[in-house]
Amino acid sequence: MKPTGAGKKSGFKPIRTLMSENEEIAPMMRKVALISRLQQTYVNTIPAHLKSTSRIAAVEGTALIIAVANGAVATSLKQMLPRLLEKINENKKQEQEVTVIRVLVQPEYFGLDIEPKPVKRRLIPTTSMPVEILSQLTTTLRDSPLKETLKRIQTRRERTLTNSNKSTK
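Description of the structure in this document.

Conventions we followed
- Residues numbered from 1 in each chain as written.
- Predicted model: local features only at pLDDT ≥ 70, side-chain atom pairs only at ≥ 80, totals over all residues.
- Heavy atoms only, no water.
- Buried < 20%, exposed > 50% of the residue type's maximum accessible area, 1.4 Å probe, protein only.
- Helix = DSSP H or I, 4+ residues; strand = E, 2+ residues; numbered from the N terminus.
- Pairing = 2+ DSSP bridges.
- Axes fitted to C-alpha atoms, helices over the stretch in contact; angles between N-to-C directions.
- Contact = heavy atoms within 4.5 Å.
- Salt bridge = Lys/Arg side-chain N within 4 Å of Asp/Glu carboxyl O.
- Expected span 1.5 Å × (residues − 1).
- Bend = angle between axes of the 7 residues up to and from the residue.

Moving on: the pairing of strand 2 (residues 63–68). For strand 2, the tally of buried residues reaches six of six residues, placing the bulk of the element in the interior. Taking every second residue as pointing to the same face, both faces of strand 2 are buried, with Ala63, Ile65 and Ala67 on one and Leu64, Ile66 and Val68 on the other. Across six bridges, strand 1 (residues 54–60) lies against strand 2 in antiparallel orientation. Its bridge partner being in strand 2, Arg55 is matched across the sheet by Ala67. Two successive antiparallel strands, strand 1 and strand 2, enclose a turn made up of two residues, where Gly61 displays a positive phi of approximately 65°.

As structure tokens, then:
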């Protein structure tokens, strides 16, 4: 006795088949398949440390566009471009001829945090200079912008102290 459903084909087609049969979606599916094959060749050709920070982003005509996370990755990759171009073109499965490879730095493509991290500043408790020392410093200085500034600070302090004394009475 056969199990139920064995040997029967369902009337459903896989989504990939349905998409490839659609005239509007089929070209996109072919482009995705091409980029996928190029990506596989790319990953097999580059060193391990570049695999997570770069990938094939697009194919425009005969130009292959590779997106990288930062300038350091771009520099490393640019040194390998002749060998990479050779490897991609020797793979006979590729129906796309690649004559040039462009490298674009796109940190946001890799989900990297490009916002600068806020600097945590620690407030250092300060105590104001005692009035006597400020007064002594002001009198010892010769006429200068510093002396004028210190005089203004002294005047403001005296007003603040006078006002605070008035409010407490």
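Across the sheet, three strands lie side by side as 1-2-3; this open sheet has mixed pairing. The sheet terminates laterally at strand 1 and strand 3 (100–105), the two strands that pair on one side only. Here the strands of the sheet are splayed against their neighbours by 30° on average, with no regard to which way each runs. When strand 2 meets strand 3, the two strands line up parallel, connected through six bridges. Its bridge partner being in strand 3, Ile65 is matched across the sheet by Arg102. Across the sheet, helix 2 (residues 26–45) is in contact with strand 1 and strand 2; its angle to strand 1 comes to roughly 140°.

Under the definition given, this model contains three salt bridges. A salt bridge links Lys147 to Asp143; its shortest N-O distance comes to 3.9 Å. The exposure class assigned to Asp143 is exposed, which follows from its relative accessible area of 65%.

Bringing helix 4 (residues 71–90) into the picture now. Along an α-helix, residues three or four positions apart point the same way, because every turn accommodates 3.6 residues. Its 20 residues give helix 4 an end-to-end C-alpha distance of 28 Å, which sits within 8% of 28 Å, the value for a rise of 1.5 Å per residue. Where helix 4 bends most, the angle comes to about 55°, and this point is Leu81, followed within four residues by the proline Pro82. Val73, Ala74, Leu77, Met80, Leu81, Leu84 and Ile88 are the residues of helix 4 that are buried. Residues of helix 4 that are buried make contact with helix 2, helix 3 (48–51), strand 1, strand 2 and strand 3.

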